[in-house]
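Analysis of the macromolecular model
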Amino acid sequence: MIAATRSDRDLRPGGRWSTPTLLDEVTGLAALERALVHLLAGNVPKVGDLDQKLALAAGLEDGMVRAGALRQHALTLLERDGDALVVTPGFVEPLRRLDGAGTSPGLTAIVFDEVRPFLRDRYRDLATRLDPLLDTRLLATVTAAIEALSSSTSAIGTPLPTGSTARPDGAGPSGSSVLDPTGSPPAPGSAIGSALGSAWTTVGRDEDRVALDAVLWGPVDRVPQPARPLDRARPPVGTRAHYRKGSRLTRDDLAGELNDNVMAELCALELLCRCSYEHPELPWASHLAMARHAADEARHAAIFRRLLVANGIDERELTQHGANYEYGYEFPECEPGSPRELVWRLLILCTVLEALAIDKLPVEIGGRDFVGQTEFARALDYIASDELFHTENGLRLTRGLCAELGLDPILERERVHGRFFGRQRDVRLAYLEEDPERAALEIAILEAPDPDGVPYVSRTEVELRRRASFTLAECEQVERWGYNPVRHELLDAPAD
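Residues numbered from 1 in each chain as written. Predicted model: local features only at pLDDT ≥ 70, side-chain atom pairs only at ≥ 80, totals over all residues. Heavy atoms only, no water.

Observations concerning the pattern of salt bridges
- Under the definition given, this model contains 49 salt bridges.
- Two residues, Arg222 and Glu278, come together in a salt bridge whose shortest N-O distance is 3.5 Å. Residue Arg222 is located in the loop between strand 2 (210-211) and helix 8 (251-277), and its partner Glu278 is located in the loop between helix 8 and helix 9 (284-310); the two are separated by 56 residues in the primary sequence.
- Where salt bridges share partners, they join Lys46, Asp221, Arg222, Arg274, Glu278, Glu330, Glu341 and Arg345 into one cluster. (Salt bridge = Lys/Arg side-chain N within 4 Å of Asp/Glu carboxyl O. Helix = DSSP H or I, 4+ residues; strand = E, 2+ residues; numbered from the N terminus.)

Here you go:
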């Protein structure tokens, strides 16, 4: 008796699969999709133009989903042998070089005019060689990728930049000159598309392969401040970006509130991007969770910007800032780039700020409905429904990381909460002390009765927080911080 082996399967006429290089192409596409998400995550905070920033961010989740699906298809072809899941690193070398060259002013053009069309064409070519029965599941992934990469609309429903709208100078793709795959000085007119095409010719080579999960490069920089449009002012350090000076129905209040929401969503998006980019060693599932969360934040920012336009408000007249990102990016207690720094970022963003939105949004929604601003209220309803996932996502990620590092999540949350808001308190006090008359006026406005007579106040939303996987002990923690004037009755209920 002779035991059957698979040693001769690749030697059959035409190879083992429907197309001889199937496995290499699937892993190569998975590597490219994953590397593009990595590149975008690192650079989104460095892009100043808001249309371009959101257009780039809109592709994070879709790209990560495609990368993960292709990875699973490759594992299936490999009969679940994870050790055999390898790829030629040259596939992603052009993207690594682009990242290492610094943020190009033509990054958006490069992505939309060159990288995405290259990926689309590779999928189209592969689709022509797949068997509709043998490759049914893979063909579904490939077909969906072709459709997404051919669309003029982003995954969050916004128009994608095309032509001159993707280029700051309208003069054509720029920044591509760094992408010569040989490392030699590039020839005039060289572009990332040709560099990717040269790298793709390595399909089928066996040398120099690495694990697919190890194909990414480490972060090339740190970004303590996110980029914003150069033509917009920033508020003085220490002032509140927006506070209600009159009725919600006034143009000033509506403009300030919508703009402040845009800034908050951008900060969350940008911090999540850097969390992903600066920690490529995390499991793909963690990056997918952060990409989904980041795509939500991009959509939220787009929603508020649409409301600005609908109300005839030009955002260029409004101030801009990156406060939540800047206060939440790095901490003196954490080594830069360390796992603990990642834990603190996710704790403050997802389990403090996003969780406080769970408590505060019902009041804001009620207030907007109370004064008849139904479209604003409807938008907030959609956004509030996403906050539960964002908080649950952050709790899941931080609990897993804390378990690995031997940290107590509640204690670490207490520490980062004190550091984050302590910084804001210090700059706020310095601002108030500079001008006592101005300080008295601002404080009087903030302490005045609600100008519209809105009767609603916030509470720690224990039921909603529990649905997002908060424990009662964690709900008590936020109750002790004193942000909500009404105590939820469930906090005093007998323990089960």
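Section: the packing of helix 2 (residues 50-57) against helix 9
- Helix 9 packs onto helix 2 with a crossing angle of 145° between their chain directions and a minimal axis gap of 9 Å. In terms of crossing hand, the pair formed by helix 2 and helix 9 is left-handed. When helix 2 is examined against helix 9, the residues Leu50, Asp51, Leu54 and Ala57 are found in contact with a partner set consisting of Ala298, Ala301, Ala302 and Arg305.
- Broken down by class, the residue content of the contact of helix 2 with helix 9 amounts to 6 nonpolar, no polar and 2 charged. (Axes fitted to C-alpha atoms, helices over the stretch in contact; angles between N-to-C directions. Left-handed = near helix turned anticlockwise from the far one by under 90°. Contact = heavy atoms within 4.5 Å. Nonpolar A, V, L, I, M, F, W, Y, C, P; charged D, E, K, R; others polar.)

Some words on the confidence of the model for the chain
- On average, residues of the chain score 91 in pLDDT, and 91% of them reach the 70 mark or higher.
- Predicted confidence is poor over residues 169-190, with pLDDT under 50, and the contacts of this stretch with residues over four places away or in other chains come to 34 contacts. (pLDDT = per-residue confidence, 0-100.)

Side note on the packing of aromatic side chains
- In total, this model carries 10 aromatic pairs according to the counting rule given.
- Judged by centre distance (6.3 Å) and plane angle (80°), the ring pair of Phe118 and Trp200 falls under edge-to-face. A residue pair is termed long-range when its members are at least 10 positions apart, and Phe118 in helix 5 (residues 107-127) and Trp200 in helix 7 (residues 192-200) qualify at 82 residues. Here Phe118 matches Trp200 in class, with each residue buried.
- Both rings, one in Trp481 and one in Tyr483, keep their centres 6.3 Å apart while their planes meet at 75°; by these two values the pair is edge-to-face.
- A relative accessible area of 16% places Trp481 in the buried class.
- On the basis of relative accessibility, which here comes to 27%, the residue Tyr483 falls in the partly exposed class.
- A network of ring pairs unites the aromatic residues Tyr327, Phe420, Phe421, Trp481 and Tyr483 as a single cluster.
- Taking NZ or CZ as reference, Arg71 lies 5.4 Å from the ring centre of Trp284, over its face. (Phe/Tyr/Trp six-rings, centres within 6.5 Å; stacked < 30°, edge-to-face > 60°. Buried < 20%, exposed > 50% of the residue type's maximum accessible area, 1.4 Å probe, protein only. Lys NZ or Arg CZ within 6 Å of the ring centre and 35° of its normal.)

Regarding the side chain of Arg232
- Here Arg232 lies in the loop between strand 2 and helix 8.
- For the buried Arg232, which has no salt bridge, the nearest side chain bearing the opposite charge is Glu315, at an N-O separation of 4.2 Å.
- Ignoring sequence-local partners within four residues, the contact set of Arg232 consists of Leu50, Asn259, Met263, Glu315, Arg316, Leu318, Thr319 and Gln320. (Lys, Arg positive; Asp, Glu negative; His and termini not counted.)

Side note on the packing of helix 13 (residues 409-434) against helix 14 (residues 436-447)
- For the pair helix 13 and helix 14, interaxial distance at closest approach is 5 Å and the crossing angle is 120°. Considered as vectors, helix 13 and helix 14 are oriented oblique to each other. Taking contact as the criterion, the partners of Arg428, Tyr431, Leu432, Glu433 and Glu434 in helix 13 are, on helix 14, Pro436, Arg438, Ala439, Glu442 and Leu446.
- Class assignment for the residues of the contact of helix 13 with helix 14 results in 5 nonpolar, no polar and 5 charged. (Parallel < 35°, antiparallel > 145°, perpendicular 65-115°, else oblique.)

A look at empty space enclosed by the protein
- In this structure the tally under the stated criterion is 2 cavities of 30 Å³ or more.
- Each pocket or cavity is described by its volume, and for the largest cavity that value is around 50 Å³.
- Along the walls of the largest cavity sit Val37, Ala41, Leu60, Leu272, Cys273, Ser276, His287, Met290, Ala291 and Ala294, which together make up its complete lining.
- Elements with a minimum of two residues in the lining of the largest cavity: helix 1 (22-43), helix 8 and helix 9.
- With 4 residues, helix 9 is the single largest residue contributor to the lining of the largest cavity.
- Here the residues of the lining of the largest cavity are counted per class, giving 8 nonpolar, 2 polar and no charged.
- There is about 40 Å³ of room inside the second largest cavity.
- Lining the second largest cavity are Thr351, Val352, Ala355, Leu356, Arg413, Arg465, Phe470, Glu474, Gln477, Val478 and Trp481.
- Those elements that place two or more of their residues in the lining of the second largest cavity are helix 11 (339-370) and helix 16 (472-481).
- Looking at the lining of the second largest cavity residue by residue, the class counts come to 6 nonpolar, 2 polar and 3 charged. (1 Å grid on protein atoms, 1.4 Å probe; cavity = no way out; pocket = protein on both sides within 12 Å on 5 of 7 lines; lining within 4 Å. Points joined across faces, edges and corners; volume = space filled by probe spheres on them.)

Re the side chain of Lys53
- Tracing the backbone shows Lys53 in helix 2.
- Under the relative-accessibility criterion, Lys53 is labelled buried at 0%.
- A polar contact of 3.0 Å, which involves the side chain of Lys53, links it to the backbone oxygen of Val44.
- Apart from the residues lying within four places of it in its own chain, the contact partners of Lys53 are Val44, Pro45, Val47, Gly48, Ala227, Arg228, Leu266 and Glu270. (Polar contact = N/O pair within 3.5 Å; in protein donor to acceptor, adjacent residues only side chain to side chain.)

As for the nonpolar core
- In terms of nonpolar packing, the biggest core is built from 117 residues, with Leu60, Leu95, Tyr123, Leu269 and Leu346 touching the most fellow members.
- Looking at this core element by element, the count peaks at 14 residues for helix 8.
- In this structure Tyr123 touches Leu29, Glu33, Arg66, Leu70, Val142, Ala145, Ile146 and Leu149, once residues within four positions along its chain are discounted.
- Judged by nonpolar contacts, the second largest core, of 6 residues, contains Leu395, Val462, Cys475 and Leu491. (Core = buried A, V, L, I, M, F, W, Y, C linked by side-chain atoms within 4.5 Å.)

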